[in-house]
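Coordinate inspection notes
Next come the chains, spelled out residue by residue.
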Amino acid sequence: MTSALRMMVVDDHPMWRDAVARDLGDAGYEVVATIGEGRQALRVAATVRPDVVILDLRLPDLPGVEVARGLAASDHPPRVLVLSASGEHEDVLEAVKAGASGYLVKSASREEFLDAVRRTADGEPVFTPGLAGLVLGEYRRLATQRPVSDGPSLTDRETEVLRFVAKGLSYKQIAERLVLSHRTVQNHVQNTLNKLHLHNRVELVRYAIERGLDEA
């Protein structure tokens, strides 16, 4: 239920910050904090423990990328959805490397934003159309630069789901391909994350690409 999910909004523009918080509240989420500075965001997040942080990259005291990195390294890391005016490839890649689960430009519609929030909360990597391929391409490039070690054994079904994850399909699309329920796909992904000691689906995509599963 959306009402159980706690949201924090980090943006230095008060009107924009309030509008995002209002949209989240109207959609049934609990907005536990709205913050205008990066360092304050890290302090508050440690106290209120949000499930999802909506984060702008342009902050007055600390770059949003550093905030994302700090959140990812915290004791209770939230999922981070970057909501930025920038669609520059470098900004996207830096945000993802810092631990962001997704990246959406501010020109997105309210419906696109709320869908991105829902999917981020579900653990899916979410990117503005056109950027997902960029991120997958970067993972492939990085995968060629480091050796691949053997990991824990996965079941055939977990491996099958992982192949689709590596290709960037959403839970809904994977469920349709394999004739499974959305919840069953989520469970397979969570079990795989636990086995591999990974924290989110972004890391899982990277793991799968390193093993060439996106080409299977």
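Here's what I pulled together on the structure shown here. Sequence order as written defines residue numbering, which begins from 1 separately in each chain. This being a predicted model, a pLDDT of at least 70 is required before a residue's local features are given, and a value of 80 or more before pairs of side-chain atoms are given or counted; all residues contribute to the totals for chains, interfaces and linings. Side-chain calculation: all heavy atoms of the structure are included, whereas hydrogens and water are not.

Points about the overall build of the chain
Regarding its fold elements, the chain presents 10 helices and six strands. The criterion used for residue contact is that any of the two residues' heavy atoms lie within 4.5 Å. The long-range fraction of contacts in the chain, counting pairs at least 24 apart against all pairs at least 6 apart in sequence, stands at 67%. Accessibility throughout is a Shrake-Rupley quantity obtained with a 1.4 Å probe, and a residue counts as covered only by protein chains that appear here. Looking at the chain as shown, the accessible area adds up to about 10,700 Å², and 49% of this sits on carbon and sulfur atoms. Working definition: helices are DSSP H or I runs of at least four residues, strands are E runs of at least two. Numbering for both runs from the N terminus.

Considering the side chain of lysine 106
Looking at where lysine 106 falls in the secondary structure, it is placed in the loop between strand E5 (102-105) and helix H5 (110-121). Three labels apply to residues, based on accessible area from a 1.4 Å probe with only protein chains included: buried if under 20% of the type maximum, exposed if over 50%, partly exposed otherwise in between. Classification of lysine 106 as buried rests on a relative accessible area of 19%. Nitrogen and oxygen atoms within 3.5 Å of one another constitute a polar contact, given that in protein one can donate a hydrogen and the other can accept it, and given that sequence-neighbouring residues count only through two side-chain atoms. A polar contact of 2.8 Å, which involves the side chain of lysine 106, links it to the side chain of aspartate 11. Once residues within four sequence positions are removed from consideration, lysine 106 is found in contact with Asp11, Trp16, Asp56, Leu83, Ser84 and Ala85.

Looking at the pattern of salt bridges
Oppositely charged side chains can form a pair if their charged atoms are brought close together. Put simply, a salt bridge is a Lys or Arg side-chain nitrogen that is within 4 Å of an Asp or Glu carboxyl oxygen. Under the counting rule described, the total for this entry stands at 13 salt bridges. Put simply, arginine 6 and glutamate 30 hold a salt bridge, and the shortest N to O gap is 3.7 Å. Residue arginine 6 is located in strand E1 (residues 6-10), and its partner glutamate 30 is located in strand E2 (residues 30-35); the two are separated by 24 residues in the primary sequence. Since its relative accessible area comes to 26%, arginine 6 is described here as partly exposed. Notably, a salt bridge pairs aspartate 23 with arginine 110, separated by 3.1 Å at the nearest N-O pair.

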